[in-house]
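Letter by letter, the chains look like this.
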Amino acid sequence: MKPEPVTPLSTPYDWLDRSLDSIHKANWYRSTQTVTSKAGAIAMIDGREMLMFASNNYLGLAGDRRLIDAAINATELYGTGSTGSRLVTGHLALHEELETAIADLKNTDAALVFSSGYLANLGTIAAIVGARDLILGDEYNHSCLKKGGLLSGATAIDYQHLDLGDLTAKLQEHRAKYRRCLITTDSVFSMDGDLAPLREIMELANQYGCMVLVDEAHGTGVFGDRGGGLTQALGIQENLIQVGTLSKALGSLGGYVTGSAKLIDYLRNRAATWIYTTGLSPADTGAAIAAIRIVKTENALREQLWQNVALFKQGLQNLGIQAIALDSPIMAIVVGDIPQTLQIAQSLKENGIFAPAIRPPTVRSARLRITLMATHTPSQIQKLLDCLSK
Ligand SMILES: *Cc1c(COP(=O)(O)O)cnc(C)c1O
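These lines cover the structure that appears in this document, whether it is placed above or below. (Residues numbered from 1 in each chain as written. Predicted model: local features only at pLDDT ≥ 70, side-chain atom pairs only at ≥ 80, totals over all residues. Heavy atoms only, no water.)

Quick word on helix α9 (residues 261-270)
Listing the buried residues of α9 in full gives L263, I264 and L267. Here the buried residues of α9 occupy an arc of 95° about the axis, which is enough to place them on one side. Those residues of α9 that are exposed and aimed more than 90 degrees away from the buried face are K262 and N269. Buried positions along α9 lie against β3 (110-114), α4 (117-128), β8 (241-245) and β9 (255-259). (Buried < 20%, exposed > 50% of the residue type's maximum accessible area, 1.4 Å probe, protein only. Helix = DSSP H or I, 4+ residues; strand = E, 2+ residues; numbered from the N terminus. Arc of directions from axis to C-beta. Contact = heavy atoms within 4.5 Å.)

Structure (structure tokens):
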């Protein structure tokens, strides 16, 4: 006799309904908004023209004709895909050119390009520390630094945000129990826009025999005389590991690690997120090379960005609006209450301004995150200030 078919009361996927429900109840639910225009200060979002104050395209390069042409030229020369992993068929002369350009921008021996900044951090951290090692990271570090720590199997301990006293205490308490130690930090914190005390961190690392990994995702192109990042602006010359992205001020896609020739040589042999994935596309690579050339030579673009930062900063101060920090193109205005933050973001949107609410779990307290670009005009910035004053 055949068994009765079982009519399942539930399916193995029912938990999705319950989980989505709790995300909604916590006001954590997020969804995408569709952009139908070229990257720039003005964007078409969900069919409406908006002033863009949320983009990481700090220098406006993602819509720059020279990057577009470079991407087209690279595609004409090499095709659309790089066809394989870097160690097999996917290593193009264009990749070498980009890696040389990054090392020159950063004044380091060598660089390695990954498919994204996220993968660069995951792969690097997992390759350089393991079960016998310690990672001390700023509690507000980007997700990929934290996930890299998990993947590595090292003991990962957070120190309080920007708190050198806490970092020192944790070094004293834990350092001696481990083989290697890696200190990790964003240079410019992605959600708050404040800056890591890199000089002091380097000194502590030196004192306690630690490696340092600095994530320059929001620093590259923005800080430093040649756009080399906060590390360059602070004149840090010592050996350290710098990670970054090609997708923010550089207007392309991809990530990189830069440092000593030995480090890069080692990563080519040990970073799984570089070895087992396809090389960066010719278009992205070509665009990034063009971007680095512009970033190194066109100070005017960076100066324009910093003028806009100064203008907005002055405006906020005149209105008595507090931002977490005023030292970078990222200005975070903490509202605290999630519904109220969402409502402010919504009312800005109704006024044609895109400056989104950033909420838990991305950050601890809800805030408006505003980012400035070199391509904003003073009147666009004034419009944002007028709306904020209401
Ligand atoms: C955006 C960002 C990354 C990830 O870079 P992608 O190239 O977008 O993957 C890494 N670290 C920080 C601090 C970031 O802000």
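After that view, the rundown keeps rolling.
Quick notes on the site of the ligand
Near the ligand there are 14 residues, and of these G117, D215, H218, T245 and K248 occur at the shortest range. One of the backbone nitrogen or oxygen atoms of Y118 is found 3.0 Å away from an oxygen atom of the ligand. At 2.5 Å, a side-chain N or O of D215 approaches a nitrogen atom of the ligand. Protein chains bury 86% of the 380 Å² of accessible surface belonging to the ligand in isolation. Split into classes, the residues belonging to the shell around the ligand amount to three nonpolar, eight polar and three charged. (Near = heavy atom within 4 Å. Polar contact = N/O pair within 3.5 Å; in protein donor to acceptor, adjacent residues only side chain to side chain. Areas by Shrake-Rupley, 256 points an atom, 1.4 Å probe, with all protein chains shown as cover. Nonpolar A, V, L, I, M, F, W, Y, C, P; charged D, E, K, R; others polar.)

Notes on the environment of T277
Looking at where T277 falls in the secondary structure, it is placed in the loop between α10 (272-275) and α11 (282-297). Its relative accessible area of 26% is what places T277 among the partly exposed residues. Residues T277 and S85, spaced 192 residues apart in sequence, show a C-alpha to C-alpha distance of 5.3 Å.

Let's talk about the nonpolar core
Core analysis: the largest hydrophobic core is formed by 79 residues, its most contacted members being F53, L98, L171, L246, F312 and L388. A total of eight residues in this core trace back to one element, the largest contributor, which is α11. Counting only domains with at least three residues in this core, you end up with domain 1 (33-55 + 299-389) and domain 2 (64-297). Excluding its chain neighbours within four sequence positions, the residues that come into contact with L98 are V113, L246, L280, T285, A288, I289 and I292. The next biggest cluster of nonpolar side chains, apart from the first, holds 22 residues, and it includes A120, A127, L213 and I241. (Core = buried A, V, L, I, M, F, W, Y, C linked by side-chain atoms within 4.5 Å. Domains from an automatic or database assignment.)

Brief notes about the pairing of strand β6 (residues 181-186)
In terms of burial, β6 is largely enclosed, as six of its six residues are buried. With burial as the criterion, each face of β6 is covered, one bearing C181, I183 and T185 and the other bearing L182, T184 and D186. Bridge analysis of strand β4 (residues 134-138) against β6 gives four bridges, and the strand direction is parallel. For L136, the partnering residue across the bridge sits in β6 and is I183. For β6 and strand β7 (residues 211-215), the ladder comprises five bridges, and the chain directions are parallel. Residue pairing across strands places T184 opposite L213, the latter belonging to β7. With helix α7 (residues 198-208) bridging β6 and the parallel β7, this β-α-β connection has right-handed handedness. (Pairing = 2+ DSSP bridges. Right-handed = clockwise from strand over helix to strand, strands pointing away.)

Some details on the packing of aromatic side chains
The relation between two aromatic rings is expressed through the spacing of the ring centres and the mutual angle of the planes. Scanning the entire structure with this criterion turns up one aromatic pair. A ring pair is formed by F223 and W306, whose centres lie 5.1 Å apart and whose planes are at 70°; its orientation type is edge-to-face. Taken together, the positions of F223 in the loop between β7 and α8 (230-233) and W306 in helix α12 (residues 299-319) put the pair 83 residues apart, joining distant regions of the chain. The class of W306 is partly exposed, set by a relative accessible area of 26%. (Phe/Tyr/Trp six-rings, centres within 6.5 Å; stacked < 30°, edge-to-face > 60°.)

Focus: the side chain of R302
Mapped onto the elements, R302 comes out in helix α12. Here R302 sits buried without a salt bridge, and the closest side chain of opposite charge, D225, lies 6.9 Å off (N-O distance). A polar contact of 2.9 Å, which involves the side chain of R302, links it to the backbone oxygen of V295. If near-sequence neighbours (up to four positions away) are discounted, R302 is found in contact with L59, G221, V222, F223, G224, D225, R226, G227 and V295. (Lys, Arg positive; Asp, Glu negative; His and termini not counted. Salt bridge = Lys/Arg side-chain N within 4 Å of Asp/Glu carboxyl O.)

A word on the state of the cysteines
In protein structure, a disulfide is the covalent linkage between the sulfur atoms of two cysteines. Here the structure, examined in full by the defined rule, presents zero disulfides. For the unlinked cysteine C210, the closest cysteine sulfur is that of C181, found at 3.4 Å. (Disulfide = S-S within 2.5 Å.)

A closer look at helix α3 (residues 93-106)
Taking 1.5 Å of rise per residue, 14 residues should cover 20 Å, and α3 covers 20 Å from first to last C-alpha, within 8% of that figure. Among the residues making up α3, those that are buried are L94, H95, L98, E99, A101, I102, A103, L105 and K106. Note on α3: the residue one or two positions beyond its end, N107, has a positive phi of about 60°. (Expected span 1.5 Å × (residues − 1).)

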